[in-house]
Amino acid sequence: FAVSEANNDWILAHADHILVGSLYARNGVEHRKSKATVSVVPYATDLTRFYPANDMIDKGGNAIKVLVRAPDVRKGGHLFIKALAACAEQLAGMTGGKRIAISILGDMTEEIKSIYQRNRDRIDPYLVLESGNIPMADVPAALRAADLFVMPSISEGKSLAALEAAATELPLLVTPYCGVDGFK
């Protein structure tokens, strides 16, 4: 079930069985009153690439590293930037002198960059916000080096990025709309 797929109504009206990746996606299909049987088949994560960091790795240093998957509006980038602006000073005061280094996983859209620019004076004195397209080959190492993964999605059938972060045993801060089931 893809939100942007043009023929969803036709598919829902004609399908006998629909496979989705999460309970969130199943609820979306069932809410639209499909007569089809809906089954959840969870996505898989490549555990040969995404695994916990070695305990010997010094993750901390003088910064708390936060990896965020929020480069656009659908993934909650606008909400994340506005939340940072509202509480950056308070967050910085809670870190015991460590700076907070926030990396956005994926290139921020122009809309998100614009929201950041409008809020920059309230964020930059306290936090370091980096954006960059981390090459796929480097994502596992970036997750293992991080202290927290954030996914503020407002609509995601199943977040593979969140599953990969979970595979590295990174703490997750996600919305119920990112399709990550079974985590507490």
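Residues numbered from 1 in each chain as written. Predicted model: local features only at pLDDT ≥ 70, side-chain atom pairs only at ≥ 80, totals over all residues. Heavy atoms only, no water.

> In this structure, what is going on with the pattern of salt bridges? I would like to understand it.
One side chain can pair with another of opposite charge once the charged atoms of both are near each other. Within this structure, the stated rule accounts for five salt bridges. With a shortest N-O distance of 3.5 Å, Lys 113 and Glu 110 are connected by a salt bridge. In this pair, Lys 113 and Glu 110 are both assigned in helix α4 (residues 110-123), three residues apart and thus about one turn of the helix distant. Through salt bridges with shared partners, one network takes in Arg 74, Lys 75 and Glu 156. (Salt bridge = Lys/Arg side-chain N within 4 Å of Asp/Glu carboxyl O. Helix = DSSP H or I, 4+ residues; strand = E, 2+ residues; numbered from the N terminus.)

> It is not clear to me how the environment of Gly 96 should be interpreted in this structure. Could you clarify?
Its place among the elements puts Gly 96 in the loop between α3 (77-93) and β4 (99-105). Taking the C-alpha atoms as reference, Gly 96 lies 9.9 Å from Asn 62; in sequence the two are 34 residues apart.

> Please clarify how unusual backbone geometry should be interpreted in this entry.
Across the chain, the bulk of peptide bonds are trans and the bulk of non-glycine residues have phi less than zero. The phi dihedral of Glu 169 falls on the positive side, at around 65°, and the residue is not glycine. Here Glu 169 shows up in the loop between α6 (160-167) and β7 (172-174).

> Would you mind going over the packing of aromatic side chains with me for this structure?
Here a ring pair, both rings aromatic, is described through the centre-centre distance and the interplanar angle of the planes. Enumeration according to the criterion identifies one aromatic pair in this entry. Pairing Tyr 24 with Tyr 177 gives two aromatic rings, centres 6.0 Å apart and planes at 70°, and the pair type is edge-to-face. With Tyr 24 in helix α2 (residues 23-31) and Tyr 177 in the segment after β7, this pair connects stretches of sequence that are 153 residues apart. Judged by its relative accessible area of 26%, Tyr 24 is partly exposed. (Phe/Tyr/Trp six-rings, centres within 6.5 Å; stacked < 30°, edge-to-face > 60°. Buried < 20%, exposed > 50% of the residue type's maximum accessible area, 1.4 Å probe, protein only.)

> I tried to follow α4 on my own but got confused; where do I start?
With 14 residues, α4 extends 18 Å from end C-alpha to end C-alpha; this agrees with the ideal 20 Å at 1.5 Å per step. Along α4, the helix axis deviates most sharply at Gln 117, where the bend reaches about 40°. Within α4, the full set of buried residues consists of Ile 112, Ile 115, Tyr 116, Asn 119 and Ile 123. (Expected span 1.5 Å × (residues − 1). Bend = angle between axes of the 7 residues up to and from the residue.)

> Got a minute to help me understand the nonpolar core in this structure?
What tends to happen in soluble globular proteins is that the nonpolar side chains get buried as a cluster. Ranked by size, the top nonpolar core spans 19 residues in total, and within it Val 68, Phe 80, Ile 81, Ile 102, Ile 104, Ile 123 and Leu 127 carry the most contacts. Only β3 (63-68), α3, β4, α4 and β5 (127-132) provide two or more residues apiece to this core. For this core, the leading source of residues is α3, giving five residues. When sequence neighbours within four positions are dropped, the list of residues in contact with Leu 127 reads Leu 84, Ala 88, Ile 100 and Ile 102. Judged by nonpolar contacts, the second largest core, of 15 residues, contains Phe 50, Ala 146, Phe 149 and Leu 170. (Core = buried A, V, L, I, M, F, W, Y, C linked by side-chain atoms within 4.5 Å. Contact = heavy atoms within 4.5 Å.)

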